Amino acid sequence: MGTIINCAAIVLAGLIGTKLGERIPPRMRETILKANGAAVIALGLAGMLGKMLVIENGALTSVGTLNLIFSVCLGAAVGAWVDLEQKLEQFGEYLKMKTGSTGDAGFTDAFVTASLTVCIGAMAIVGSIEEGITGDMSILISKAILDFVIILVMASSMGKGVLFSFIPVGILQGSVTVLAHAAAGFFTVPVLNSLSMTGSLIISLIGVNLLFGKTISTANLLPALLFTVLFTLFGV
């Protein structure tokens, strides 16, 4: 139910944001987009540093540095080899054609950017696991509220491609919830912390693309989430 509510919030925000965007001058939409990029960078960095920086014996130190470096490097190599970015864009092009949006040049980019922003954050993973293990969907409800605001702003500046991000959100969060229900003991605190740290870094890079134009194929970094779990299990 948490994922269903989250998807509904995304669709509603996308519809409202698209209508608002039609009434906003292009220069203002560009400003909103850049501001949103800066906010996403801050959100991602806060999530990453919140897991990396700890206080030990009264001193501030970092943990999981090697895990993060190895995970991102190997994840980027595998993602580029498989070319996940292109596959996600191809799905976006398919949606653009099926929804009669072929005249919307920014549809696919809006879909990809919004999908990555709302899919790979700590709340998406931790909230889905929490509901799968305990049935508590409070984290996903909170995420639905946050996503509503994010998607509303994105849709007003990027267009209706944003609202279709509910599809990967539904698939990912629903799958994680089912998996967590079946294998509750696997999702330990260190595993969740590593997922949150690496996922937050990827989110910050999405913000970089929003702020400075697309310079990083962030979808190709998604395999890093798998590597960070493996490295955590092996004590890296």
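The structure under discussion appears in the preceding block.
Quantities reported herein were computed from a predicted structural model and do not represent experimental measurements.

Asks: How would you sum up the state of the cysteines? Please name residues and give values.
Replies: Under the counting rule described, the total for this entry stands at zero disulfides. Free cysteine: C7, not disulfide-bonded; nearest cysteine sulfur from C119 at 8.7 Å. On the basis of relative accessibility, which here comes to 13%, the residue C7 falls in the buried class. On the accessibility criterion, C119 (7% relative accessible area) is buried.

Asks: Describe in detail the pairing of strand β1 (residues 53-56), supporting the description with residues and values.
Replies: As paired elements, β1 and strand β2 (residues 59-62) share four bridges and run antiparallel to each other. Following the sheet pairing, I55 is matched in β2 by L60. As consecutive antiparallel partners, β1 and β2 are separated by two residues, and within that stretch N57 has a phi angle of approximately 55°, a positive value.

Asks: Account for the pattern of salt bridges, naming residues and giving values.
Replies: Under the defined criterion, the tally for this structure stands at five salt bridges. The closest approach of N and O atoms between E89 and K214, which form a salt bridge, is 2.6 Å. You can see E89 sitting in helix α4 (residues 84-98) and its partner K214 sitting in the loop between α9 (189-212) and α10 (224-233), a full 125 residues away along the chain. The class for E89 is partly exposed, based on a relative accessible area of 29%. Between K143 and D147 there is a salt bridge, with the nearest N and O atoms lying 2.5 Å from each other. Taken together, the residues span about one helical turn, with K143 and D147 both in helix α7 (residues 138-158) at a distance of four residues. Taken together, the shared-partner salt bridges connect E85, E89 and K214 into one network.

Asks: Describe the environment of L53, with residues and values.
Replies: Looking at the secondary structure, you find L53 in strand β1. For L53, a relative accessible area of 36% puts it in the partly exposed group. For the pair formed by L53 and F107, sequence separation is 54 residues and the distance between their alpha carbons is 38 Å. Ignoring sequence-local partners within four residues, the contact set of L53 consists of L60, T61 and S62.

Asks: Got a sec to walk through unusual backbone geometry? Specific residues and values, please.
Replies: In this structure, D83 takes a positive phi of about 60° despite not being glycine. Relative to the helices and strands, D83 resides in the loop between α3 (65-82) and α4.

Asks: Give a description of the packing of helix α1 (residues 2-21) against α7 that names residues and reports values.
Replies: The geometry of α1 relative to α7 is characterised by a closest axis approach of 7 Å and an angle of 20° between their N-to-C directions. As far as their axial angle goes, α7 and α1 are roughly parallel. Crossing handedness for the pair α1 and α7: right-handed.

Asks: Go over a nonpolar patch on the surface with me, naming the residues and quoting the values.
Replies: A cluster of nonpolar side chains, contributed by L66, I69, F70, L74, F186, L226, L230, L233, F234 and V236, occupies part of the molecular surface with about 970 Å² of accessible area. Where the nonpolar patch is concerned, the elements lending two or more residues are α3 and α10. Looking at the element boundaries, F234 is found in the segment after α10.

Asks: If you had to explain the packing of helix α2 (residues 26-52) against α9 to someone new, which residues and values would you point to?
Replies: Taken N-terminus to C-terminus, the directions of α2 and α9 make an angle of 160°; their axes are 7 Å apart at the nearest point. As far as their axial angle goes, α9 and α2 are roughly antiparallel. In this structure, α2 crosses over α9, and the sense of that crossing is left-handed. For the contact of α2 with α9, the class distribution of residues is 14 nonpolar, nine polar and two charged.

Rules and cut-offs
- Residues numbered from 1 in each chain as written.
- Predicted model: local features only at pLDDT ≥ 70, side-chain atom pairs only at ≥ 80, totals over all residues.
- Heavy atoms only, no water.
- Disulfide = S-S within 2.5 Å.
- Buried < 20%, exposed > 50% of the residue type's maximum accessible area, 1.4 Å probe, protein only.
- Pairing = 2+ DSSP bridges.
- Helix = DSSP H or I, 4+ residues; strand = E, 2+ residues; numbered from the N terminus.
- Salt bridge = Lys/Arg side-chain N within 4 Å of Asp/Glu carboxyl O.
- Contact = heavy atoms within 4.5 Å.
- Axes fitted to C-alpha atoms, helices over the stretch in contact; angles between N-to-C directions.
- Parallel < 35°, antiparallel > 145°, perpendicular 65-115°, else oblique.
- Left-handed = near helix turned anticlockwise from the far one by under 90°.
- Patch = residues over 30% accessible without salt bridge, like charges linked within 9 Å, V, L, I, M, F, W, Y side chains within 5 Å.
- Areas by Shrake-Rupley, 256 points an atom, 1.4 Å probe, with all protein chains shown as cover.
- Nonpolar A, V, L, I, M, F, W, Y, C, P; charged D, E, K, R; others polar.

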